[in-house]
Amino acid sequence: VPTVTFRMLVVLVIFSHERRLIVHVAVTEHPTAAWTAQQLRNAFPDHEAPAYLLHDRDAVFAGIAATIAGMNIQAVRTAPHAPWQNAYVERVIGSIRRECLDHVIVANEAGLRRVLSDYLAYYLHSRTHLALDKDTPYSRSVAPPSAGRVVATPQVGGLHHRYDRVAA
């Protein structure tokens, strides 16, 4: 992600396929293997790690084999130049870019973290997915028309809205 001062920031997204959950998001200017290993430990505390970690061939993943093995995770690397092998993550990264980052100007790491935090709350609690039968990753109930009128609540600084029914 380019900043206002033309610095490049890198975003790490850890994603769970089952319910389209974004498990963890981290931002840095200089990604290293040690930083990536720490982000994995932060994403999966208390021995709740997944069985598999599907990742690309980025150099930061080369130095974290010991961390992955210590967490009892089997690493699966995609083929070179084959983003289609990790299509769900590529889709969520594209959604973050199109629905959020293409509409904001990022000043620094803290600003990017704040914008991503707002978008993550929207994505998990308000954004519906066809693959989830028009539900959100954190499921929410459908309100019947008798529950009241529809009210729009702005999210992500007004880029998106959540629509709920409220009693009159």
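These numbers come from a predicted model, not from an experiment.

1. Quick word on unusual backbone geometry
Point 1. Phi angles above zero are rare outside glycine, and H81 is one such case at about 55 degrees.
Point 2. Structurally, H81 is set in the loop between β4 (74-77) and α3 (87-99).
Point 3. In this structure H81 comes out as exposed when scored by relative accessible area, which is 82%.

2. Considering the pattern of salt bridges
Point 1. Tallied over the full model, the rule gives 6 salt bridges.
Point 2. What you see here is one network of salt bridges that share partners, running through R140, R162 and D164.

3. So, the layout of surface pockets
Point 1. Taken as a whole, the largest pocket holds about 1300 Å³ of empty space.
Point 2. Contributing to the lining of the largest pocket are 48 residues, with V11, L12, V13, V89 and I93 lying nearest its centre.
Point 3. Mapped by element, the contributors of at least two residues to the lining of the largest pocket are β1 (10-16), α1 (33-43), β3 (52-55) and α3.
Point 4. Considering each element in turn, the lining of the largest pocket owes the most residues, 7 residues, to β1.
Point 5. A breakdown of the residues in the lining of the largest pocket according to their chemical character gives 34 nonpolar, 8 polar and 6 charged.
Point 6. Here the second largest pocket is characterised by a volume of approximately 280 Å³.
Point 7. What lines the second largest pocket is a set of 13 residues, among which R140, S141, V142, A143 and Y163 lie closest to the centre.
Point 8. No other element matches the 4 residues that strand β6 (residues 160-166) contributes to the lining of the second largest pocket.
Point 9. Among the residues forming the lining of the second largest pocket, the class breakdown is 4 nonpolar, 3 polar and 6 charged.

4. A few points about α3
Point 1. Over its 13 residues, α3 extends 18 Å from the first C-alpha to the last, a length consistent with the 18 Å expected when each residue adds 1.5 Å.
Point 2. Among the residues making up α3, those that are buried are V89, V92, G94, S95, I96 and E99.

Procedures and definitions
- Residues numbered from 1 in each chain as written.
- Predicted model: local features only at pLDDT ≥ 70, side-chain atom pairs only at ≥ 80, totals over all residues.
- Heavy atoms only, no water.
- Helix = DSSP H or I, 4+ residues; strand = E, 2+ residues; numbered from the N terminus.
- Buried < 20%, exposed > 50% of the residue type's maximum accessible area, 1.4 Å probe, protein only.
- Salt bridge = Lys/Arg side-chain N within 4 Å of Asp/Glu carboxyl O.
- 1 Å grid on protein atoms, 1.4 Å probe; cavity = no way out; pocket = protein on both sides within 12 Å on 5 of 7 lines; lining within 4 Å.
- Points joined across faces, edges and corners; volume = space filled by probe spheres on them.
- Nonpolar A, V, L, I, M, F, W, Y, C, P; charged D, E, K, R; others polar.
- Expected span 1.5 Å × (residues − 1).

Any functional reading would require information beyond the geometric quantities listed.
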